[in-house]
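Single-letter residue listing:
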Amino acid sequence: MLNVGRSAVLVLLLALGMAGCGSGSDPAEPAPTSPTSPTTPSSAGMLAACTPEGAKAFTAPVAGGTAVSGLQLGDAARAVVLSYEWGGSPCDWFEVATELVARGYRVALWEYGTLTGLDRIKELQAVVDQVRDAGATEVVLAGGSVGGCVSMIGGSMITPAVSGVVVLSCASWYDVQHRLPTTPLAAKLRLPTLYLAGDGDTLPVSEVRKDFAAIPAKDKKLVIVADSSAHGVELLSNTEAAATKPALFAFLDRVSR
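All of these numbers come straight from a predicted model, not from anything done at the bench.

Q: Pulling in residues and values, what's your account of the overall build of the protein chain?
A: Counting secondary structure elements, the protein chain contains 8 helices and 10 strands. A buried classification covers 54% of the 257 residues belonging to the protein chain. Considering only intrachain contacts with a sequence separation of at least 6, the fraction spanning at least 24 residues in the protein chain is 76%.

This is the structure we're talking about:
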């Protein structure tokens, strides 16, 4: 009966959309028994599927939580920390990560640990600290779905402050357990910010516009892809890439000089 219950919850969340995870579904909540679940980070874990030659693995200790595992690709002073969506994997970002490295960026991919809600930002802080310790002087946070929410929240909490934030498909609420409204959190973000969303995503584009409008930063841009149901990192592939990748690269180049 327990397994049936979990399946029912999963179906409900998917009905809300992987946008539901973009609007805050938390990858640490469901199916902790899965060997590749984000709740069970390890030195191999999900990242074993996308570890190229030359990548540098790291394990970052987290105050009040479990150490998180990650990879750094490249060794540039400009860095992008990529966070993934619920039900996904850091490897979902691998193609984009490879392209960013080729464009002169250091990239960090990481696996979520045990913390949820606003405490998860401690995990992101630990990853940013690792990247900075390795030589990065400019750091941008980017993520899709729940990873977009984590990046957005981290933009107002990470210290020292990062250079900018890229948010794909996050709005409405964050964290399936705590269901934290995202608009008040967006209202704390004063860093350069880029928001990307598809107008056909199950995550209502009206909610994305609401959160974006709440951001007090003067340096902010919203890109809505017309006739697109793409969610999270999908917004950077296929036909959507023509509208989103130039905006992403221009933003990164400008805020991480």
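Q: Go over the side chain of Ser-228 with me, naming the residues and quoting the values.
A: As for its placement among the helices and strands, Ser-228 is situated in the loop between β10 (220-225) and α8 (241-255). Ignoring any residue separated from it by four or fewer positions in sequence, one finds Ser-228 in contact with Gly-198, Asp-199, Gly-200, Asp-201, Leu-235 and Glu-240.

Q: Explain α8 to me, and be specific about the residues and the numbers.
A: Helix length check: α8 (15 residues) gives 20 Å between terminal C-alpha atoms against 21 Å at 1.5 Å per residue, within 8%. Considering only its buried residues, α8 is in contact with β3 (78-83), α3 (94-102), β5 (138-144), β6 (164-168), β9 (193-198) and β10.

Q: So, the pattern of salt bridges: which residues are in play, and what are the values?
A: Throughout the structure, instances matching the rule amount to 6 salt bridges. The shortest N-O distance in the salt bridge between Arg-103 and Asp-253 comes to 3.7 Å. Of this pair, Arg-103 sits in the loop between α3 and β4 (106-110) while Asp-253 sits in helix α8, and the two are 150 residues apart along the sequence. Its salt-bridge partner being Lys-122, residue Asp-119 comes within 3.9 Å of it at the nearest N-O pair. Residue classification places Lys-122 among the partly exposed residues on the basis of a relative accessible area of 39%. Several salt bridges share partner residues, and in doing so they unite Arg-78, Arg-103 and Asp-253 into one network.

Q: Tell me about the packing of helix α4 (residues 120-133) against helix α5 (residues 146-157), residues and numbers included.
A: For any two helices packed against each other, the geometry is given by the interaxial angle and the distance between the axes. Packing of α4 against α5 leaves a shortest axis separation of 10 Å and a crossing angle of 75°. In terms of orientation, α4 and α5 fall into the roughly perpendicular class. Of the residues in α5, those in contact with Arg-120, Ile-121, Leu-124 and Gln-125 of α4 are Val-150, Ser-151, Ile-153, Gly-154 and Met-157. Looking at the contact of α4 with α5 residue by residue, the classes come out as 5 nonpolar, 3 polar and 1 charged.

Q: Quick one: what's the story with the environment of Leu-47, residue by residue and with numbers?
A: Turning to its location among the elements, Leu-47 is positioned in the loop between α2 (18-22) and β1 (56-60). Along the sequence, Leu-47 and Gly-70 sit 23 residues apart, while their C-alpha atoms lie 7.3 Å from each other. Once you skip the residues sitting within four places of it in the chain, Leu-47 turns out to touch Ser-69, Gly-70, Leu-71, Pro-90, Cys-91, Leu-109, Trp-110 and Glu-111.

Rules used throughout
Residues numbered from 1 in each chain as written. Predicted model: local features only at pLDDT ≥ 70, side-chain atom pairs only at ≥ 80, totals over all residues. Heavy atoms only, no water. Helix = DSSP H or I, 4+ residues; strand = E, 2+ residues; numbered from the N terminus. Buried < 20%, exposed > 50% of the residue type's maximum accessible area, 1.4 Å probe, protein only. Contact = heavy atoms within 4.5 Å. Expected span 1.5 Å × (residues − 1). Salt bridge = Lys/Arg side-chain N within 4 Å of Asp/Glu carboxyl O. Axes fitted to C-alpha atoms, helices over the stretch in contact; angles between N-to-C directions. Parallel < 35°, antiparallel > 145°, perpendicular 65-115°, else oblique. Nonpolar A, V, L, I, M, F, W, Y, C, P; charged D, E, K, R; others polar.

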